There are 2 protein chains.
Amino acid sequence: MRATVKDVARRAGVSPKTVSNVMNGIVPVSGATKFKVEQAILELDYVPNLSARGLRNGRSGVIALALPDLATPYSAEIAHNVVEVAHEQGWSVQIEETGSDPRREYELMSRARSNLIDGLILNPVVLDESAVKVGVSLPPVVLLGEVSQKLADRVWVDSVAAARDMTLALARTGRRRIAVLGTAEGRGSAAAILRTRGYHAALEELGIDRDDSLLIPCEKWTPQTAAAALASYLDSHPLPEALFCFTDSMAIGAMSVLWNRGISVPGDVAVAGFDDIADGQYAVPSLTTVSFDKRQVASEALRLLTERMADRTGEQRVVTLDYRIVERDSTRG
Amino acid sequence: MRATVKDVARRAGVSPKTVSNVMNGIVPVSGATKFKVEQAILELDYVPNLSARGLRNGRSGVIALALPDLATPYSAEIAHNVVEVAHEQGWSVQIEETGSDPRREYELMSRARSNLIDGLILNPVVLDESAVKVGVSLPPVVLLGEVSQKLADRVWVDSVAAARDMTLALARTGRRRIAVLGTAEGRGSAAAILRTRGYHAALEELGIDRDDSLLIPCEKWTPQTAAAALASYLDSHPLPEALFCFTDSMAIGAMSVLWNRGISVPGDVAVAGFDDIADGQYAVPSLTTVSFDKRQVASEALRLLTERMADRTGEQRVVTLDYRIVERDSTRG
DNA sequence: AGGAAAATTGTTAGCGCTCACAGTTGTTAG
DNA sequence: CTAACAACTGTGAGCGCTAACAATTTTCCT
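These numbers come from a predicted model, not from an experiment. (Residues numbered from 1 in each chain as written. Chains lettered and ligands numbered in written order. Predicted model: local features only at pLDDT ≥ 70, side-chain atom pairs only at ≥ 80, totals over all residues. Heavy atoms only, no water.)

Asker: What am I meant to see in the overall build of chain A here?
Answerer: Secondary structure summary: chain A contains 12 helices and 12 strands in total. For 333 residues, the compact-globule estimate of 2.2 N^0.38 gives 20 Å, and chain A exceeds it by more than 25% at 25 Å. Within chain A, the proportion of its 333 residues that are buried is 56%. Look at the contacts in chain A between residues 6 or more apart in sequence, and 71% of them connect residues 24 or more apart. Of the accessible surface of chain A, which amounts to about 14300 Å², a share of 51% is contributed by carbon and sulfur atoms. Within chain A, the 42 negative side-chain charges are centred at a point lying 8 Å from the centre of the 37 positive side-chain charges. (Helix = DSSP H or I, 4+ residues; strand = E, 2+ residues; numbered from the N terminus. Rg over C-alpha atoms; globule rule 2.2 N^0.38 Å. Buried < 20%, exposed > 50% of the residue type's maximum accessible area, 1.4 Å probe, protein only. Contact = heavy atoms within 4.5 Å. Areas by Shrake-Rupley, 256 points an atom, 1.4 Å probe, with all protein chains shown as cover. Lys, Arg positive; Asp, Glu negative; His and termini not counted. Charge placed at Lys NZ, Arg CZ, Asp CG, Glu CD.)

Asker: Help me out: how do you make sense of the sheet that holds strand β7 (residues 215–217) of chain B in this one?
Answerer: Through backbone hydrogen bonds, the strands of a sheet pair up, either in parallel or in antiparallel fashion. Residue and element names in this part refer to chain B. Taken together, 4 strands build an open sheet; the order of strands is β7-β6-β8-β9 and the sheet is parallel. Unpaired on one side and paired on the other, β7 and β9 (270–272) mark the two borders of the sheet. Taking each pair of neighbouring strands and ignoring which way they run, the sheet shows an average axis angle of 20°. Taken together, the 4 bridges between strand β6 (residues 178–183) and strand β8 (residues 242–245) define a ladder with parallel strand orientation. For Val 180, the partnering residue across the bridge sits in β8 and is Phe 244. Sitting on the sheet, helix α8 (residues 190–206) touches β6 and β7, and the angle it makes with β6 is about 170°. (Pairing = 2+ DSSP bridges. Axes fitted to C-alpha atoms, helices over the stretch in contact; angles between N-to-C directions.)

Asker: Can you help me understand the protein's contact with DNA strand D in this one?
Answerer: By nearness alone, 23 residues border DNA strand D, and Ser15(A), Thr18(A), Thr33(A), Val5(B) and Tyr46(B) come closest of all. Backbone sugar and phosphate groups make up 67% of those atoms of DNA strand D lying within 4 Å of the protein. Backbone polar atom of Val5(B) to a phosphate oxygen of DNA strand D: 2.5 Å apart, as the coordinates give it. Of all the elements in the fold, those that place two or more residues in the surface near DNA strand D are α2 (16–24) and α4 (50–57) of chain A together with α2 (16–24) and α4 (50–57) of chain B. Among the elements that make up the surface near DNA strand D, the one with the highest residue count is α4(B) (4 residues). Here the surface near DNA strand D is built from residues that sort into 9 nonpolar, 9 polar and 5 charged. (Near = heavy atom within 4 Å. Polar contact = N/O pair within 3.5 Å; in protein donor to acceptor, adjacent residues only side chain to side chain. Nonpolar A, V, L, I, M, F, W, Y, C, P; charged D, E, K, R; others polar.)

Asker: Is there a simple way to explain the protein's contact with DNA strand C in this structure?
Answerer: The local shell around DNA strand C holds 23 residues, among which Val5(A), Tyr46(A), Arg53(A), Ser15(B) and Thr33(B) are the closest. Expressed as a percentage, the sugar and phosphate content of the atoms of DNA strand C within 4 Å of the protein is 68%. For DNA strand C, a phosphate oxygen lies 3.1 Å from a polar atom in the side chain of Ser20(A). At a separation of 2.7 Å, a phosphate oxygen of DNA strand C approaches a polar side-chain atom of Thr18(B). Looking at the surface near DNA strand C, the elements that each hand over two or more residues are α2 and α4 of chain A together with α2 and α4 of chain B. Among the elements that take part in the surface near DNA strand C, α4(A) stands out by supplying 4 residues, more than any other. Grouping the constituent residues of the surface near DNA strand C by class yields 9 nonpolar, 9 polar and 5 charged.

Asker: What exactly am I supposed to notice about the packing of helix α9 (residues 223–236) of chain B against helix α10 (residues 248–260) of chain B here?
Answerer: Helix packing for two helices is described by the angle between their axes and how far apart those axes are. All names here are of chain B. Orientation of α9 relative to α10, taken along the N-to-C sense of each, is 45°, at an axis distance of 7 Å. When the axes of α9 and α10 are compared, the pair comes out oblique. For the pair α9 and α10, the crossing hand works out as right-handed. Taking contact as the criterion, the partners of Pro 223, Ala 226, Ala 227, Leu 230, Ala 231 and Leu 234 in α9 are, on α10, Ser 249, Met 250, Gly 253, Ala 254, Val 257 and Leu 258. (Parallel < 35°, antiparallel > 145°, perpendicular 65-115°, else oblique. Left-handed = near helix turned anticlockwise from the far one by under 90°.)

Asker: What is the right way to look at the domain arrangement of chain A in this model?
Answerer: Where the parts come together, the accessible area they lose is often given as the size of the interface. Its domain assignment divides chain A into domain 1 (5–48), domain 2 (62–157 + 293–322) and domain 3 (159–292 + 326–331). For domain 1 of chain A and domain 3 of chain A, the distance between their C-alpha centres works out to 61 Å. (Domains from an automatic or database assignment.)

This is the structure in structure tokens:
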């Protein structure tokens, strides 16, 4: 049978409360007592029962991270950083995938309310409007990325500015017919809308007329869908001079199609992405992209979350992270 | 204040136990009572406290998944599948990263023993010997991948056979000087040893003499390290006819180096990987690899885990998954 | 209708932990 | 040597839930 505080207390010749004090370190304990207790803990191989502690304290030490799809490199990198930073601060991380199934939202919220979770970091991509449900009965929530609502604390990169800068960078290499891949035809995601806006802003600045035939729609931001979208686009349109993909993943899918068709990158067309996922560095050719510090995404999200746990009353806060354009081979020459 | 079973019971005019019975559905409850209780639950917006349930039942409904590094595409795909399958079966998944820091091992085990976790799926790569600690005081453990010890249930792909088959497949395209990337110089990981063994077995079958200068060591299996290892290898060795990388990630790093040096794949050298990560499909050129069903890895691991929860006495079991060689552009022609 | 068996609901207790508060010991000053 | 205070340790209760058991009601025979 597992040892409990009682067993440890008995063995150390103290009360359960003293054992608790030793473990938590808030209430001071004399050196001798502390030693006895620690000895007993080792001898009995005692490990505290976190369920009991969670019940008593109302906090579990676990936060949830909800991402659309863990298999996506971007999500994976975010998850990696969140897990790492959280771990350093003593948190455990429970992963939830929201996928494209809207029912998961509700399940997620229920889980989040079930006291096994002290806070929630949510990266809404498909489920933009889910944030609406962020109510008082939920634990603190921090949103990652572009979201239209202003209902929770948020960490993001200014997509409009970044997309504008990337478009300008592409223009600086002498290309004018710049296409974008990843726009939405109907009501798209917030990210799609903002990045398209930045692209348009740059064109205006450059004095280039908008040409809607250079908007290549692609609802889902994966290599598969991007490849398919680009392939069918090329069947009926001339090759643009540059291709700004709203995601590195899409850029990788796009470059695969271009290579298969014998179109040279960057010789025939320059390609750029967004997110700076690790694979972009090793893509062939290496991928120009919008880079930002994903570890900072994680640490800022966790900071907002823990601060919100301490004080649930304040204003909604937004942290805007720095970004920079990283030029690699896919746009050179 | 949050509603509790008591509140629900009072409102429904029944006892707390009846509420519990309605929720768990094991003990039969009459239709009328059930309706009253469900009504009360809705009205009070009641959500059960999982900490309390966990304390009472001794089970939390959470399993842990421990991977070396979530940012790795392979790990990410495994995590995605485990989370998905676990979710379908009503489990939550807590992610732990073991990284290369051995201290994490101990922390992981402590966590695992702290009753917040009902089981553990562990993918040991660096920490091969960690499995030694799999003792009776731990929750059930399932190991993923090649492990030398036989101390826990395990799901894996036969690396020896797969590496042998891949080597044979490369030879079938007419190449004889086949190099492997990812061998270990000292005491390597179990996977490195087994895959090297399979490679050697194939050479023997083919009647090709071993040439140890075709073993390119690379301790850490990432694109970065693979790129560095291959680059320095090429500085002092002639180009082999084929390059079998022990991991798709390494193959992607390798192809990046080859492209930078103007070496054509598959024209000058064929390249193959192992794992069939999604990126391999969109690599330039698309990557020949050893493929296996990652969803099946997840579902088998979960099956073993739940069966082990029910009966902790039986023999250690090993599930060996099917694999197949998928030939793509990187080895064609 | 009477009684036994079956079906349903209620009561009690405690999972392991830590909070509030009460109690005990050691320390210093008058 | 005693009073006043600090520093530490013990006591009791309860977080919310459900297992075992007890009590009650319903159902079905004869």
